[in-house]
Amino acid sequence: MNYVKCRVGDLFDIHPTKAYKGNNNDILSENGKTPVVANNSINNGIGGYSHLEPTEKGGIITFSDTTTADAVFFQPDDFIGYSHVQGMYPKDKRWNENSLKYFLVLFKKLAQSIGFDYANKFNRKIAAEFEIQLPSKNGKDIDFEYMESYILNMEKEYIQEVQKYIEQKLLEEVKINPNDFKILSEEKQYKEFSFDKILEKIKTNSLGYKAKALPKEPIGEYKLPALTAGITNQGLSCYVPYDGATILKNCISVSANGANSGAMFYQPKEFTVLQDSYALKPIDDNVTEFAQLYLVSAMQHVIKGNYDWTNKAGWERIRTKKMTLPIDDQGNPDYIYMDAYIRNQEKIILDCLIDK
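Parameters and conventions
Residue indices follow the written sequence of each chain, beginning from 1 at its first position. Local features in this predicted model are restricted to residues of pLDDT 70 or higher, and side-chain atom pairs are both shown and tallied only at a pLDDT of 80 or more, whereas totals for entire chains, interfaces and linings draw on every residue. Here the side-chain values reflect all heavy atoms present in the structure, with hydrogen atoms and water set aside. Strands are runs of DSSP state E lasting at least 2 residues, helices are runs of H or I lasting at least 4, and numbering of each runs from the N terminus. A helix is expected to span 1.5 Å for every residue after the first. With a 1.4 Å probe rolled over the protein chains alone, any residue whose accessible area is under 20% of its type maximum counts as buried; one over 50% counts as exposed, and the rest are partly exposed. Any pair of N or O atoms that falls within 3.5 Å is considered a polar contact. Within protein, one atom must be able to donate a hydrogen and the other to accept it, and sequence-neighbouring residues count only if both atoms are side-chain atoms. Contacts are assigned to residue pairs that have any heavy atoms within 4.5 Å of one another. Strands qualify as paired when DSSP identifies two bridges or more between them. Axes here refer to lines fitted to C-alpha atoms; in helices the fit is confined to the stretch in contact. Angles between the N-to-C directions go from 0 to 180 degrees. Residues are said to line a cavity or pocket when one of their atoms sits within 4 Å of a point; the points come from a 1 Å grid over protein atoms alone, cavities being sets where a 1.4 Å probe fits but cannot get out and pockets being open sets with protein on both sides within 12 Å along at least five of seven lines. Grid points are joined across faces, edges and corners, and a volume is the space filled by probe spheres set on the points. Residues are grouped as follows: nonpolar covers Ala, Val, Leu, Ile, Met, Phe, Trp, Tyr, Cys and Pro; charged covers Asp, Glu, Lys and Arg; every other residue, Gly included, is treated as polar.

Overview of helix H9 (residues 289–303)
Moving on, step 1. Compared with an ideal rise of 1.5 Å per residue, which puts 15 residues at 21 Å, H9 spans 21 Å between its outermost C-alpha atoms and is within 8% of the ideal.
Moving on, step 2. Turning to H9, its buried residues are Phe290, Ala291, Gln292, Tyr294, Leu295, Val296, Ala298, Met299, Gln300 and Ile303.
Moving on, step 3. Remark: Gly305 follows H9 within two positions and exhibits a positive phi of approximately 80°.

Next comes the structure, spelled out in structure tokens:
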């Protein structure tokens with residue numbers, strides 16, 4: 001495969017997306033259907049929905065110029081822009097959804113490798129000067145057909161992986177049954193618990209590595225995923241040697257710095273903490289993977305969007321925050337119900353995939 005080096009500003013017009021004037025309450029609505037693309041680094045950048053008409057057509061790439069390069073997304077649907085959201089408008093009509101997704105991966109990876117932060121913000125002028133290698137048949141012209149077919153094949157492989165996962169389970173384990181509906185419709189009592197009544201911070205060894213100097217892929221002795229601030233790949237941004245590291249698994253990670261400070265993930269596989277982050281484990285040893293996923297959702301409901309560079313989500317700052325959890329007859333957290341609830345949510349998703 002040949003490649004051609006392209007300046008991003010030659011491929012796209014980059015300028016702010018159109019937004020309605022007014023505060024959040026004027027734009028967002030409970031029953032709105034129009035996505036409002038904000039500075040979020042999750043949910044495709046969508047911060048909520050509006051009853052107002054879209055200001056932008058779908059089929060473009062958006063990114064936030066507030067801080068880091070995490071909030072870069074392809075927008076398939078018409079939407080309303082928001083402050084600090086930049087749009088990337090293709091100059092060539094041959095760009096389509098799949099070729100834009102191919103470009104987006106390269107663009108986002110390049111931007112994240114530079115390490116933008118609060119003091120060195122990612123913006124449209126910087127983005128326009130990026131140079132990216134794109135596939136080409138002759139080394140001069142972009143091969144749009146190749147990019148599209150590559151993404152289509154990736155999606156096909158993903159679907160096959162999902163189907164393989166389903167096949168590895170008994171059909172009864174993934175199909176919704178009457179008992180599942182009974183669990184989901186069960187009326188539960190709820191109670192508030194401070195974070196530190198449910199979880200505790202895990203003490204980890206301090207590592208002397210700097211994230212920028214570490215490999216982004218496993219190589220040689222650098223095989224252990226390392227946690228830093230951020231949300232890409234669940235905060236696991238680089239690799240370190242196992243030697244001297246605290247090996248963690250089956251616990252919850254927390255980003256403690258940056259625009260995504262307070263972002264949490266359940267980590268099912270081995271990793272370690274590198275910097276600007278930490279890990280939590282349930283005080284009760286019997287809390288399952290699925291129940292921990294419930295806890296992550298409950299905590300994020302409380303703190304999501306409330307912390308940033310200047311107000312970091314360190315454990316001492318968030319430990320007394322209160323989340324609402326279902327309780328059993330003794331008034332204790334009902335981890336059995338939490339486990340069943342998340343398992344059934346997974347079944348609903350798998351059931352939809354089976355039907356397709």
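Thoughts on the side chain of Ser50
Moving on, step 1. Its place among the elements puts Ser50 in strand E4 (residues 46–50).
Moving on, step 2. There is a polar contact of 3.0 Å between the side chain of Ser50 and the backbone nitrogen of Leu52.
Moving on, step 3. What Ser50 contacts, discounting residues up to four positions off in sequence, is Ile27, Leu28, Ser29, Gly32, Lys33, Thr34, Val36 and Ile80.

With respect to the sheet that holds strand E2 (residues 12–16)
Two strands in a sheet stick together by hydrogen bonds in their backbones, pointing the same way (parallel) or opposite ways (antiparallel).
Moving on, step 1. If you walk across this open sheet you meet the four strands as E2-E7-E5-E6, and the pairing is antiparallel. Of all the strands in the sheet, just E2 and strand E6 (72–75) have a single pairing partner and so form its edges. The average undirected angle you get between the axes of adjacent strands in this sheet is 25°.
Moving on, step 2. Along the sheet face, helix H3 (residues 97–114) touches E2, strand E5 (60–64), E6 and strand E7 (85–90) and points at about 175° away from the line of E6.

Here's the deal with the layout of surface pockets
Moving on, step 1. The computed volume of the largest pocket comes to approximately 1,700 Å³.
Moving on, step 2. Forming the walls of the largest pocket are 48 residues, and the residues nearest its centre are Asp70, Gln112, Ser113, Thr232 and Ser237.
Moving on, step 3. For the lining of the largest pocket, the secondary structure elements donating two or more residues are E6, H3, helix H5 (144–168) and strand E12 (236–241).
Moving on, step 4. By residue number, the principal contributor to the lining of the largest pocket is H3, which donates twelve residues.
Moving on, step 5. Class assignment of the residues belonging to the lining of the largest pocket gives a composition of 22 nonpolar, 15 polar and eleven charged.
Moving on, step 6. Taken as a whole, the second largest pocket encloses approximately 970 Å³ of empty space.
Moving on, step 7. Asn39, Asn40, Ser41, Ala259 and Gly305 are, among the 35 residues lining the second largest pocket, the residues nearest its centre.
Moving on, step 8. Contributing elements (two or more residues each) for the lining of the second largest pocket: helix H2 (24–27), E4, strand E14 (264–267) and H9.
Moving on, step 9. Tallying contributions element by element places E4 first for the lining of the second largest pocket, with three residues.

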